[in-house]
Amino acid sequence: MSKITRRKFIKISAAGTATLAMSGVILDSTPKIADWFDKTPAKESEVERTPTICDVCFWKCSAWVYKNKKGHIQKIIGNDLDPHSNGRLCPRGTGGVGMYNDNDRLKTPLIRVGEGDDATFKEATWDEALDLVVKKMNEVIEKYGPESIALFNHGSTAPHFEHLFNSFGSETTAEPAVAQCLGSRQAGYYATFGEGITTPEPVDFVNSKAIVLIGNHIGENMHNGLVQDFSHAVENGASIIVVDPRYSTAASKAKIWLPIKPSTDIALLLAWIHILIYEDLYDKNYVEKYTYGFEQLKSHVANFTPEWAAKITELDINLIKKAAYEMAKAAPAVAVHPGRHTAWYGDDTQRERASAILNALLGAWGRKGGFYLPEKINVPKYPLPHYPEPDWTWQDITKEKYRGAIAGVTNIIRDASLPDSDAKHKVKAWFVTATNILQSIPEREKTLKAIDNLEFLVVVDTMPADIVGYADIVLPECTYLERYDDLRASKHKIPTVALRMPAAEPKNETKPGWWIARELGIRLGLEKYYPWKDYEELLDWQLRQIGTSLEEMRKEGIKQFERKTPLYIPEGSEWYFPTATGKIELYSTWLANMGYDAMPKYKSHEDNPPGFYRLIYGRAPMHTFGRTINNPNLNDLMDENVLWVNPKVAKIHGLKNGQEVWLQNQDNITSDFPIKVRITERIRHDSVFMVHGFGQLNKKMYRAYGKGAADYKLLSKVELDDVTGGTGMRVNFVTILTEKPQKQEVES
Ligand SMILES: Nc1nc2c(c(=O)[nH]1)N[C@H]1C(S)=C(S)[C@@H](COP(=O)(O)OP(=O)(O)OC[C@H]3O[C@@H](n4cnc5c(=O)[nH]c(N)nc54)[C@H](O)[C@@H]3O)O[C@H]1N2
Ligand SMILES: Nc1nc2c(c(=O)[nH]1)N[C@H]1C(S)=C(S)[C@@H](COP(=O)(O)OP(=O)(O)OC[C@H]3O[C@@H](n4cnc5c(=O)[nH]c(N)nc54)[C@H](O)[C@@H]3O)O[C@H]1N2
Ligand code: SF4
Ligand SMILES: [Mo]
C-alpha cells in the first residue's frame, strides 16, 4: 500500500470512549414489512409543525416536523398528501432528528494548517474560510482554467453547487449515485425506451399480478412507497419472483426464489427472452405495434435455451421455466423491476437492456400492473443569464471510450487527478459536497493518491466523515431540518410539489448549502447569477409561477396537481417512444451506432479463487450507507454489521456464530476492524454478504468508529461498464481470517 504523504488525514482528536448498549437488531427473522413504517399521531404538546422533505435517503418523502412549546423538535411524521410515503415514514425518516441532534456534527469552518504529521485543523470564521476558498479557486482558474475544478456531489445540496460551478464555467461534475449506482440502468432503459427510469421508479406494483426482482432487495432497500407498494402486492397475492444469491427479505415473500450464481444474470434473462419468444408467450400485438428489431432479437436468442442458462446460472431448469410462465400468465400486469444499484459486474448496461427487453416482450411498459407513465409539474427556473461555455467538460474526458455515459463519471474524473493520468484534460482541484467519496467510489487507494495530488480540496459536509479528514478547507453545512432547499417536483402517478423549510435555526456555525454557494459566487464576482437575496425569494417566485406561494406551501407542505396525460398507454392507440426509430428498440440503434452490441450477450466473469468468496453487499432497513451510522437514534437500532456465511463455509474455516473475523481480499487488503459471523443457509456457499456503511474510520464519529467491517476498503478491483464507465464492484473476493492480521500500513 502506498504511503500517503502530503495531504495526511487529520484525526480531529479521538473523542469519548463511551460504551454503548449492544442493541444491534439483526434481521434473522423476516419481519412484516409494513411494521417498519411509523404512523403514530403527534401529541398535543407537539404544537408547532413545519414542512420538510426527508433527507435521510433520496426517496425524498414529504414530512412534518413537530416542535414543542420550547421549540425543540419532538417528532417527524409523514405528510398524508404525499404519494412517495402515503403519510408514513420509514424508520430512518423517523430517526432523522438524530442527524440534527448528533453532538459529533461539524460545528465551524475548518482550515488545514501545517504539513504531513504536523497538519491540523484550525477553526475559522466563515469570512476567513470563504475568502481562502475563493483565493485558491482563482489561482487554479488562472493557471489551469475553471474546468479543472471538479465537483463531486449528491442529494439536495448538489443543485446549489452545480449552479455555482456552471456559473464560473465548469461542468466537471459527477456523483457516486450515478457511476456507482444507477448510471447503467439509465443507459440500458434509455437504449430501449428512449428514456431512463425516474425516481420513484414508475413500477405499478399495486396492480401487478407478478413482480420480478433481480438483486433488488426491497424491504432491506427501504425506499418508502416502493416497499409499501410491494407489501400490497404480496397481500394481493401477486407472484413474487426473486433472483438473488441470498435469501433476502423480499425472497422470503416470494413464490419463486432463484439463488443464482452471482454474475450470471444476463444468461437467465436471455433464457427468459428465449422462452417468451420460442414458446409464443410474448405480447404479439404490443410487440408488433410498438417495437423495433423483433426478428433480430429472435435469431439472437435462438441458442439461449433454458438448458444453456441452467448450467451457467446453477439454477434448476424447472424453476427458470416456471418463472417465465408466471410472468407470461400475469402479463401485461407484470413488472420486472429495473433495480437501482446496478453497478455490479461491468456488463451492467447490457444486463439492464435485457431486463428492459423482457418488460417490452411482456407488454408491461405503459400498462396497468407493469409500468405507469409518470408525470410531473414543471416548475420554471428563476430567470438567470446564460452560463459561460466551458472549453471542455466531463464529456471530453469520458465519451471517447465510454460513449454511453449519461452523466459525469466519478471514477474517470478522479483518475484525471492522478499524477500519472493520461487524460486529455487534467483535474486539479475538488469540491466534495454531501458525498463521502472515500467510501462510495471503489479503489480507495487511487482516490487517496488523487487527493494527494490536488491543488486543493474543499469539503462541504455535516459530519466528520473520513473525506473531511483530507480537506484543506471544511465548510460545515446545517442539516436538512435547518434549511431551505429546492422544491421537490418529482415524476409520479400524481404530480406534486413539496417544500423543505427550516424547522430550527442552524446549530453552531453551520450554514445552508444555498447560502455557502451564493457567498462563494458573490466573492467570485458572479452576482448576476445570484439576483435573489435569499432562498425564500427564489422559492416564492417559483411557487407563484405554478399558482401557489411560499406562504401557502408553509402551511400545506405539499400540493397535488391534476394529471394532463394518460396514466397508461390507451389500449390499441398509436404511441411514440423517444428513440431514433420512435419505437421500443429491441435492437438498439443507439448502442449499435456507438459500436456496442445492439442486443445483450452473456460473458462469463472470473470465478472465486480457491478459499475465497465473492464479496456482495447491500442495505439494512434502518441505515442509509454510512450517513446514518453515527445517528444516535439509528445507531441504537443497529450498531454494527455482520458477515453472512453459508454453513459449508463456516465448516471449512471452523467458524461459530458471533465469532469475530477479519477479511482479506484478492489484493491482500485486510479489513481494519473485526466483523461477527452470522452462519445462515440464506446465502450461497460461494459468496459472503455484509451491509455497506459500517467500519467507519474517523474516531470523531464515536458511535460509529470501528464497528463492523467496511465493504469499501475491500473493493480494490473494478470492472468498468464498457458503455457508461461505471464501476462494477462485485468482482472482489475475500477470504476469512480468524486471527487479527498483522497491522498493515493504513492511510490514517
Ligand atoms: N435502508 C436503505 N434503503 C436504501 C438505501 C440505503 O442506504 N438504506 N439506499 C438506496 C439506494 S441509493 C439504492 S441504489 C438502493 C440499492 O438497493 P438495490 O437496488 O436493491 O441494490 P442491489 O444491488 O440490487 O441489491 C443488493 C442485493 O443484490 C444481491 N446480489 C448480489 N450479487 C448479485 C448477483 O450477481 N445477482 C443477483 N441477482 N443478485 C445479487 C445481494 O444479495 C443483495 O440482496 O437502495 C436504496 N434504499
Ligand atoms: N462500497 C460501496 N460503495 C457504494 C455503495 C455500496 O453499497 N458499497 N453504494 C453506491 C450507491 S448505490 C450510492 S447511491 C452511493 C452513495 O454514496 P454517497 O454519495 O457518498 O452517499 P451519501 O450518504 O449520500 O453521502 C454521504 C456524505 O454526505 C454527508 N451528508 C449527509 N447529509 C448531508 C447534508 O445535508 N449536507 C452535506 N453537505 N453533507 C451531508 C454525510 O456526512 C457523508 O459524508 O454510493 C455508492 N458506493
Ligand atoms: S424512504 Fe425513509 S429515509 Fe428515505 S426519504 Fe423516505 S422516510 Fe426518509
Ligand atoms: Mo444508490
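Treat the numbers as computed from the prediction; the structure is a model and nothing was measured.

**Some details on the overall build of the protein**
For the protein, the helix and strand inventory stands at 21 helices and 26 strands. With the C-alpha coordinates aligned to their principal axes, the bounding extent of the protein is approximately 70 × 65 × 60 Å. Out of the 748 residues belonging to the protein, those deemed buried represent 62%. For the protein, long-range pairs separated by at least 24 residues make up 75% of all intrachain contacts whose partners lie at least 6 apart in sequence. When the accessible surface of the protein is totalled, it reaches about 27,600 Å², and 49% of it is carbon and sulfur.

**Quick word on the site of ligand 3**
In the vicinity of ligand 3, the contacting residues are Cys54, Val56, Cys57, Trp59, Lys60, Cys61, Leu89, Cys90, Arg92, Gly93, Met222 and Asn224. Taken together, the residues of the shell around ligand 3 break down into eight nonpolar, two polar and two charged.

**Points about the domain arrangement of the protein**
The assigned domain composition of the protein is domain 1 (124–178 + 392–489 + 507–542), domain 2 (184–374 + 579–593) and domain 3 (613–737). The centre of domain 1, based on its C-alpha atoms, is set 36 Å off from the matching centre of domain 2.

**Quick look at the site of ligand 1**
Neighbouring ligand 1 are 31 residues, the closest being Asp244, Asp265, Tyr345, His623 and Arg730. In the model, a nitrogen atom of ligand 1 is placed 2.8 Å from a nitrogen or oxygen of the Ala620 main chain. Calculation on ligand 1 without its partners gives an accessible area of 910 Å², and the protein chains cover 98% of this total. When residues are assigned to domains, the shell around ligand 1 turns out to be shared by domain 2 (184–374 + 579–593) and domain 3 (613–737), each giving three or more.

**Observations regarding unusual backbone geometry**
Across the junction of Thr199 and Pro200, the peptide omega takes the value -10°, indicating a cis bond. Turning to its location among the elements, Pro200 is positioned in the loop between helix H5 (176–193) and strand S8 (210–214). Notably, Asn216 is not glycine yet its phi reads approximately 30°, a positive angle. Among the structural elements, Asn216 can be located in the loop between S8 and helix H6 (224–235). On the basis of relative accessible area, Asn216 is assigned to the buried category, the value being 9%. Its identity is not glycine, yet Ala434 carries a phi of approximately 60°, on the positive side. By the secondary structure assignment, Ala434 is in the loop between strand S13 (429–433) and helix H14 (437–440).

**Quick notes on the packing of helix H4 (residues 158–168) against helix H16 (residues 513–523)**
Two packed helices can be described by the angle between their axes and the distance between those axes. Relative to each other, H4 and H16 sit at 10°, their axes nearing to 8 Å. The angle between the axes of H4 and H16 places the two elements in the roughly parallel class. For the pair H4 and H16, the contacting residues are His160, Phe161 and Leu164 in the first and Gly513, Trp514, Ile516, Ala517, Leu520 and Gly521 in the second. Of the residues belonging to the contact of H4 with H16, the class tally is six nonpolar, three polar and no charged.

**Considerations on the sheet that holds strand S5 (residues 120–123)**
Strands sit in the order S5-S4-S15-S14-S13-S6-S7 across an open sheet of seven strands; the sheet is mixed. This sheet does not close on itself; its edge strands, each paired only once, are S5 and strand S7 (173–174). Bridge count between S13 and strand S14 (residues 456–461): five bridges; the pairing is parallel. Looking at the pairing, Trp430 lines up with Leu457 of S14.

**A short note on the sheet that holds strand S1 (residues 48–53)**
Strand order in this open sheet of three strands is S1-S2-S3, and the pairing throughout is antiparallel. The open sheet terminates on both sides in strands that have one partner only, identified here as S1 and strand S3 (73–78). Along the sheet, successive strands turn relative to each other by an average axial angle of 25°, direction set aside. Both strand S2 (residues 62–67) and S3 contribute to a ladder of five bridges, which runs antiparallel. Residue pairing across strands places Tyr66 opposite Lys75, the latter belonging to S3.

**Here's the deal with the nonpolar core**
Counting 93 residues, the largest nonpolar core has Phe205, Leu258, Trp272, Leu297, Met327, Leu358 and Leu361 as its most contacted members. Considering every element that reaches this core, the biggest residue donor is helix H7 (residues 265–278), with 10 residues.

**Some points on the pairing of strand S20 (residues 642–645)**
Burial along S20 is two-sided: Val642 and Trp644 facing one way and Leu643 and Val645 facing the other are all buried. In this sheet, strand S22 (residues 675–679) lies alongside S20 in parallel orientation, the contact comprising four bridges. Paired with Val645 across the strands is Ile679, a residue of S22.

**Some points on helix H10 (residues 306–313)**
All buried positions along H10 are accounted for by Pro306, Ala309, Ala310, Ile312 and Thr313. Glu314 sits one or two residues past H10 and shows a positive phi near 60°.

**Points about the pattern of salt bridges**
For the structure on display, the rule yields 46 salt bridges. As a salt-bridge pair, Glu128 and Lys122 come within 3.0 Å of each other at their nearest N and O atoms. Note on Glu128: relative accessible area 36%, which makes it partly exposed. A salt bridge links Lys555 to Glu551, with the nearest nitrogen and oxygen atoms 3.9 Å apart. In this pair, Lys555 and Glu551 are both assigned in helix H18 (residues 550–556), four residues apart and thus about one turn of the helix distant.

**Thoughts on the packing of H7 against H10**
In contact at an axis separation of 9 Å, H7 and H10 are set at 165° when each is read in the N-to-C sense. As the angle between them shows, H7 and H10 are arranged roughly antiparallel. Between H7 and H10 the crossing geometry is left-handed. On the side of H7, the interface is formed by Ala267, Leu268, Leu270, Ala271, His274 and Ile275, while H10 contributes Pro306, Trp308, Ala309, Ile312 and Thr313. When grouped by side-chain class, the residues that make up the contact of H7 with H10 number nine nonpolar, two polar and no charged.

Cut-off values and rules
- Residues numbered from 1 in each chain as written.
- Chains lettered and ligands numbered in written order.
- Predicted model: local features only at pLDDT ≥ 70, side-chain atom pairs only at ≥ 80, totals over all residues.
- Heavy atoms only, no water.
- Helix = DSSP H or I, 4+ residues; strand = E, 2+ residues; numbered from the N terminus.
- Buried < 20%, exposed > 50% of the residue type's maximum accessible area, 1.4 Å probe, protein only.
- Contact = heavy atoms within 4.5 Å.
- Areas by Shrake-Rupley, 256 points an atom, 1.4 Å probe, with all protein chains shown as cover.
- Near = heavy atom within 4 Å.
- Nonpolar A, V, L, I, M, F, W, Y, C, P; charged D, E, K, R; others polar.
- Domains from an automatic or database assignment.
- Polar contact = N/O pair within 3.5 Å; in protein donor to acceptor, adjacent residues only side chain to side chain.
- Axes fitted to C-alpha atoms, helices over the stretch in contact; angles between N-to-C directions.
- Parallel < 35°, antiparallel > 145°, perpendicular 65-115°, else oblique.
- Pairing = 2+ DSSP bridges.
- Core = buried A, V, L, I, M, F, W, Y, C linked by side-chain atoms within 4.5 Å.
- Salt bridge = Lys/Arg side-chain N within 4 Å of Asp/Glu carboxyl O.
- Left-handed = near helix turned anticlockwise from the far one by under 90°.

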